[in-house]
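Residue-level structure breakdown
Spelled out, the chains give:
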Amino acid sequence: MRTQRQIVDYSLQKRALLRDLHNGKIGTLEVCDASPYLKNAARFHGEPTDERCPVCRRDNLTLVHYIYGDELKQSAGQARKLAELPVLAMTLREFQVFVVEVCQTCAWNHLTEQYLLGRDALNPDEPLQGAALAASSASGRHRETGSSLRREGRQ
């Protein structure tokens, strides 16, 4: 996405956590603890991936995008589909996105990435081009792709 900035990637923390799990330093129940709300968000708002769960290896992971920001008011903390984010980015000045990977089989979850979106990143002469991009993205003609993984609550 064009307005994406201040990206934080948690892949090194994920690798360390999985290493500790496979070495027996922590148990499966400590890392496979997705709440029912997170599992429902993955089911209804998540984006399926081609990546297998690193714990159970039975199911593919699902990415859930949570949004937070002052302008969101009651919508803050909601899970949103990836296709909705460019439209929101052209509408709102700034909001934060947290991406969580979830395995719906074993309840593995990890915060994989966080970043900022919004109009504040656009130049003053760019809003019309950005709005056109958002409209085409929402209608399905332009598709953003990306993969990221995280552990909910473990930063």
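Residues numbered from 1 in each chain as written. Predicted model: local features only at pLDDT ≥ 70, side-chain atom pairs only at ≥ 80, totals over all residues. Heavy atoms only, no water.

As named in an unreviewed UniProt entry, the protein is DUF5318 domain-containing protein, taken from Couchioplanes caeruleus subsp. caeruleus.

1. Description of the overall build of the protein
The number of helices and strands found in the protein is five helices and six strands. Written out in order from the N terminus, the α and β elements of the protein read β-α-α-α-β-β-β-α-β-β-α. Counting all 155 residues of the protein, 43% fall into the buried class. Contacts in the protein between residues at least 24 apart in sequence constitute 69% of all its contacts with a sequence separation of at least 6. (Helix = DSSP H or I, 4+ residues; strand = E, 2+ residues; numbered from the N terminus. Buried < 20%, exposed > 50% of the residue type's maximum accessible area, 1.4 Å probe, protein only. Contact = heavy atoms within 4.5 Å.)

2. Comments concerning the environment of Ala42
Following the sequence through the fold, Ala42 ends up in helix 3 (residues 36-45). Along the primary structure Ala42 and Thr62 are separated by 20 residues, whereas in three dimensions their C-alpha atoms are 6.1 Å apart. Excluding residues that lie within four positions of it along the chain, Ala42 makes contacts with Thr62, Val64, Val102 and Gln104.

3. With respect to the pairing of strand 3 (residues 60-68)
Among the nine residues of strand 3, seven are classified as buried, and the element is accordingly described as predominantly covered. By the bridge criterion, three bridges tie strand 2 (residues 47-52) to strand 3 in an arrangement that is antiparallel. In the strand pairing of strand 3, Glu47 is matched with Leu63. Summarising the sheet, strand 3 and strand 5 (residues 95-102) pair through seven bridges and their orientation is antiparallel. Note on strand 5: the bridge partner recorded for Tyr66 is Phe98. Pairing of strand 3 with strand 4 (residues 79-80) involves two bridges; the strand directions are antiparallel. Counterpart to Tyr66 in the pairing with strand 4 is Ala79. (Pairing = 2+ DSSP bridges.)

4. Some details on unusual backbone geometry
One non-glycine residue, Arg57, adopts positive backbone phi at about 55°. Its location among the elements puts Arg57 in the loop between strand 2 and strand 3. A positive phi angle, close to 50°, is found at Lys73, a residue other than glycine. Relative to the helices and strands, Lys73 resides in the loop between strand 3 and strand 4. Taking relative accessible area as the criterion, Lys73 reaches 61% and is therefore assigned exposed.

5. Brief notes about the state of the cysteines
Evaluated as defined, the whole model comprises zero disulfides. Free cysteine Cys32: the closest other cysteine sulfur is in Cys106, separated by 3.7 Å. Free of any disulfide, Cys103 has its nearest neighbouring cysteine sulfur in Cys56, separated by 3.6 Å. We classify Cys103 as buried; its relative accessible area is 0%. (Disulfide = S-S within 2.5 Å.)

6. Overview of the confidence of the model for the protein
For the protein, mean pLDDT is 82; residues scoring 70 or higher make up 75% of the total. Below pLDDT 50 for its whole length, residues 127-155 participates in 72 contacts with residues either more than four positions away or in separate chains. (pLDDT = per-residue confidence, 0-100.)

7. Quick word on helix 1 (residues 11-22)
With 12 residues, helix 1 should cover 16 Å at 1.5 Å per step; its first-to-last C-alpha distance of 16 Å lies within 8% of that length. Of the surrounding secondary structure, the elements contacted by the buried residues of helix 1 are helix 2 (28-31), strand 2, strand 5 and strand 6 (109-117). Immediately downstream of helix 1, the backbone of Gly24 shows phi near 85°, a positive value. (Expected span 1.5 Å × (residues − 1).)

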